[in-house]
Every structure is written in structure tokens, then in C-alpha cells.
Amino acid sequence: MGIKKSKVWGDESRAVDLALSWAKEHTVSGGDPKTTFRPAEELYQEVGETITPEGLGADEAIRIYNDILKPATRSSDDPMMLSFIPGAPTRSAVAFDTAVSAANVFGGMWEMGAGAIFAENQVIDWIKSLLKWPASAKGTFVSGGTLGNLAALATARHTAQEEWNALGRFQNGRPLTGFKLACASTAHSSVRAVATVLDVEVVTVPVDERGHLTGDAVAHALDENPGVFAVVCSTGTTNSGIIDDVADIVKAAHERGVWVHADGAYGGAGLAAPSVRGKYRGIEEVDSFIVDPHKWLFAPYDCCAVLYRKPEYARRTFSQHAEYLDLTQSSVDPSDFALHLSRRTRGLPLWYSLVTHGTKKYTEAIELALGYARKTAGYIKKSDHLELIMEPELSVVVFRRKGWTDRQYKEWSNRLAKAGDLLCIPTKHDGETVLRLAFVNPDTDVDQVIHLLDTTMK
């Protein structure tokens, strides 16, 4: 069946064939491991103006992208990309993302996207099972952890205002000194960005000698700071992979009527790994939770699952009402669980990959990354020139090269990045420049990583 010729766009068969052929080839071959970003001015000199009244045609568009623009990026799914938190999507998930775009389903309302939303909700149910949450819990998919944290914390603030108003605790439920949220200094940067958007104050709670946020510290902070509506704990900090003392935090917060949100954007995937599941004790009782499947659940960008133990609180926060909407609304509309109405069904690539491979394969892949981190940490502890800063709790390894200056760290990192050997970017730990390796890709050659640490840093 051919593509129907449009009155305006004409015959787009050539444009479609070029784009799909490129996508298929790239899905199979993967990306370029070298760091090759370029200044915008330099790119403009080669590309020029691409948005023109008459258009350049599909052949020229794909040439510009393939020959100039794509080479000026670095694929986050390269197995030797070990900085930030890499992505490692399955090829099946990447391919099905193309299908999601082709289907062009409106995923904000059940009336429009029932079948696709049903599939997304099966993924939400799987995540609920990892959390050991009740069947009544619900959630949706947003673009990333920042918007997931925004949705959860906006819900927490709205819920606190309703409850405080009903109790007569503050005038109109609004603290005179303003709303506050509590988190550790190690919380993800998005938490402070969300606080700015919500116009709330951040109460920074000190961590203990292990780098953990604890229940005692949270209890003290809440007793000293009226108006705290939520505590954010981390189940796998980005910089170090630390899991806070969730059970004790939940106890301290809930005894004081305060919401607990667990940021598992990176580390939440570890719930599927038996070797570390015990570290998440207390996650069963948090009020909201996020995890980014585009990090350690092997989905492509962009995808974050945000879940609520009691979804009615989210509905009261986000449900939109208009003459053209009210007759078609459902109790399972994704638009009720985050600040969105129009949305793509971004949970479907993960659904397709889970259905294709099964959850046992996901557990296997996550356990492999955990094993890579342990093996690398073991090598570092035995080496003469490196020093392990902390035992990895998940799959992030933080270490120092004895005697190196900031400049030496940077030069080493840039040399390996430009050669395409390894992407390991310096970070800070307690003010000191150090290195970190974030393992999530099951196809990473850990022996090659260790070989590079052994041969390029002495």
C-alpha cells in the first residue's frame, strides 16, 4: 500500500524511505563512540540555512543530518560511554520508538489512546510489583526525571495545602514562612530546579559519614522547619550511586504527616536485581516514586515513569476541565498524573522490549552492570596508582588517581574521549576532583575498562 499523495505535501514516499532506511541502519549499527561536538558557528559554516521557503528536499535533508549533524554528537548508548548516566536501549526498544512515532497516538486521554495507554499501564504495573505497592497505585510516563520530580512534588505540595487547610493548621493551608521541601545535599540538581519552579524553599539536610540521608537527620529537620510538605530521598544518587535510608526516612516523615518522594531516576532500576533489592527497604511505603527507563531500564530517550501510591492526590492536582474535555474523561487518563495533556505514548518502547525479552533478561542485564562495578572496584583496591573512594552500592564507581591535579584529570579524560576509547569525565566528591564510572550497559567490556585504567593512568 503506497503513501497517499497529499494536497499540500505531495508524494512523500522518498522522504519516508530515506528516513526509515537511515533509522534501520543506525538501529543495527549503533553510534559513534568518539566525542565530536563542535561549536554552533562551525556547524553553521557547513550547514548554512536549512529552513527555507521552498525547502531543500529530502535527499539534501538526510545528507546534512547524516554527514554533518549526527557526527557532531556522541551516542550515549556506546558501551564505553561511562559518564553521566549513560543510556543502553535494546535494539527492539529503539526500533519500536519509530513505530510509536508512526502510529502518532495521542496519549493524554484514554478515549484517544486506550490500547497504547493500556500497554503503558502494564509497564506501570510491573514497576509497582517491584515496589511492592498496592494494585490501586497508578502512574504515567513523562519525558525525564526533572518533570517526574516536578509532578510528584507538585502533587505533594497541593495535597499538603488541602490537608493543612482542612486542619486549620495554616491560613488557607499556606505556611506564613512559605512552603518548604527537604532533601540531602546529594539530591539530584533537578530537585532544586523544581523548588524554584514551585516557589518553595529547600531545606538541605546533612548526610552521615556514609553519604546517606538518615531518618534521624530528617526528623530533626522537620521539627526545626514548619511548612515542609515533602522529603525527597534518593534510591541511587547520580554522582555516587548511594541509596538513602529509605525506611527510617519514611518513618520519621510519616510520623509528622509529611510526604516522602523517592527519586530513583537512575538507581530505581536496581529494584529488579535480587543482589541489591534489600538496600531499598522502605520503598514499599513512600508516597511517590520516579524511575527513568532511558537510564537503566534499556529504553530510548525520553522516558520517565512517575508513580503515586494514592493516585487520587495527583488527580486533584492535575486534572484539567474544559467543555471539549469533560465528556470524554476517564479515571485512567494519563493527563491526570502529571502536568501534561498532549503527550506521546513514550512508555511503549519499554513495553515492546519487555514483551519481547521478558523481565528475567532485564534482571540479568542489571546484575551484569552491578558485577562490572564490583569487578572494577576490586581492581582499583588492588592497584598502586588508584584509590577507591567508597564501595559501590549500585553500579557507580568513584575513585581517584593518586597525586593527579585537576589538569591531569581533564587531559586524560579528553584524550580517551577523542580517541573513542572511553568516556570518563571528572566529577567532584567533597570538593575534590575525582573520577566516576557509571555502568549500565550490559555490553560494556569491563576487562577493557580495567585495561585502560591500568595502562593509561600510570
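Along each chain, residues carry numbers from 1 onward, in the same order as the chain's sequence is written. Given that this is a predicted model, residues contribute local features only at a pLDDT of at least 70 and side-chain atom pairs are listed and counted only at 80 or more, while totals for whole chains, interfaces and linings are drawn from all residues. The side-chain figures draw on all heavy atoms in the structure; neither hydrogens nor water molecules are used.

## So, the overall build of the protein
(1) Moving on: Secondary structure elements follow DSSP: runs of H or I no shorter than four residues count as helices, runs of E no shorter than two count as strands, and numbering proceeds from the N terminus. Along its length, the protein carries 15 helices and 11 strands.
(2) Moving on: Its C-alpha atoms give the protein a radius of gyration of 24 Å, near enough to 23 Å, the size a compact globule of 458 residues would have.
(3) Moving on: Principal-axis analysis of the C-alpha atoms places the extent of the protein at approximately 70 × 65 × 45 Å.
(4) Moving on: Counting over 458 residues, the protein shows a buried share of 53%.
(5) Moving on: The contact criterion used is simple: two residues touch if any of their non-hydrogen atoms lie within 4.5 Å. In the protein, 69% of the contacts between residues at least 6 apart in sequence involve partners at least 24 apart. Based on C-alpha atoms, the radius of gyration is set beside the globule rule, defined as 2.2 Å times the residue count to the power 0.38. Accessible area is worked out with a 1.4 Å probe on protein chains only. A residue is then buried under 20% of its type maximum, exposed over 50%, and partly exposed in between.

## Some points on the packing of aromatic side chains
(1) Moving on: The criterion for an aromatic pair is that two Phe, Tyr or Trp rings (for Trp, the six-membered ring) have centres within 6.5 Å, with stacked assigned to planes under 30 degrees apart, edge-to-face to planes over 60 apart and tilted to the rest. Throughout the structure, instances matching the rule amount to 14 aromatic pairs.
(2) Moving on: Taking the centre distance of 5.3 Å and the plane angle of 20 degrees together, the rings of Y266 and W296 count as stacked. Of the two residues, Y266 sits in the loop between β5 (259–263) and β6 (288–291) while W296 sits in helix α10 (residues 293–296), which places them 30 residues apart along the sequence. Neither Y266 nor W296 differs from the other in exposure class; each is buried.
(3) Moving on: An angle of 35 degrees between the planes, with centres 6.4 Å apart, marks the rings of Y308 and F337 as tilted. One end of the pair, Y308, is in strand β7 (residues 304–308); the other, F337, is in the loop between α11 (311–318) and α12 (348–357), and 29 residues separate them in sequence.
(4) Moving on: By relative accessible area, which is 2% here, F337 ends up buried.
(5) Moving on: Taken together, the aromatic side chains of W164, F170, F179 and F229 make up a single cluster linked through ring pairs.
(6) Moving on: Geometrically, a lysine NZ or arginine CZ counts as sitting over a ring once it is within 6 Å of the ring centre and also within 35 degrees of the ring normal. Positioned above the aromatic ring of F179 is the side chain of R157, whose terminal nitrogen or guanidinium carbon lies 5.9 Å from the ring centre.

## Observations regarding the side chain of R436
(1) Moving on: Within the element layout of this structure, R436 appears in strand β11 (residues 432–438).
(2) Moving on: It turns out R436 is buried and unbridged, and the closest side chain with the opposite charge, D292, is 12 Å from it.
(3) Moving on: Between N or O atoms, a polar contact is any pair within 3.5 Å; within protein, one atom must be a potential hydrogen donor and the other a potential acceptor, and residues adjacent in sequence are included only when both atoms are from side chains. Separated by 2.8 Å, the side chain of R436 and the backbone oxygen of F84 make a polar contact.
(4) Moving on: One polar contact links the side chain of R436 to the main-chain carbonyl oxygen of N239, over a distance of 3.1 Å. By the counting rule applied here, Lys and Arg register as positive and Asp and Glu as negative, while His and the ends of each chain are not counted. Within this document, salt bridges are pairs made up of a side-chain nitrogen of Lys or Arg and a carboxyl oxygen of Asp or Glu, the two lying within 4 Å of each other.

## Focus: the environment of I450
(1) Moving on: Looking at the secondary structure, you find I450 in helix α15 (residues 446–455).
(2) Moving on: The exposure class of I450 is buried, given its relative accessible area of 13%.
(3) Moving on: Excluding residues within four positions of it along the chain, I450 makes contact with K375, T376 and Y379.

## Topic: the pairing of strand β10 (residues 426–429)
Remark: a regular strand shows side chains that alternate across the two faces of the sheet.
(1) Moving on: On β10, burial follows the alternation: T427 and H429 on one face are buried, whereas P426 and K428 on the facing-out side are not.
(2) Moving on: Note that β10 and β11 share four bridges and pair antiparallel. The partner of T427 across the bridge, within β11, is V434.
(3) Moving on: The turn linking β10 back onto β11 is made up of two residues, and D430 within it adopts a positive phi angle of 50 degrees. A pair of strands is treated as paired once DSSP finds two or more bridges between them.

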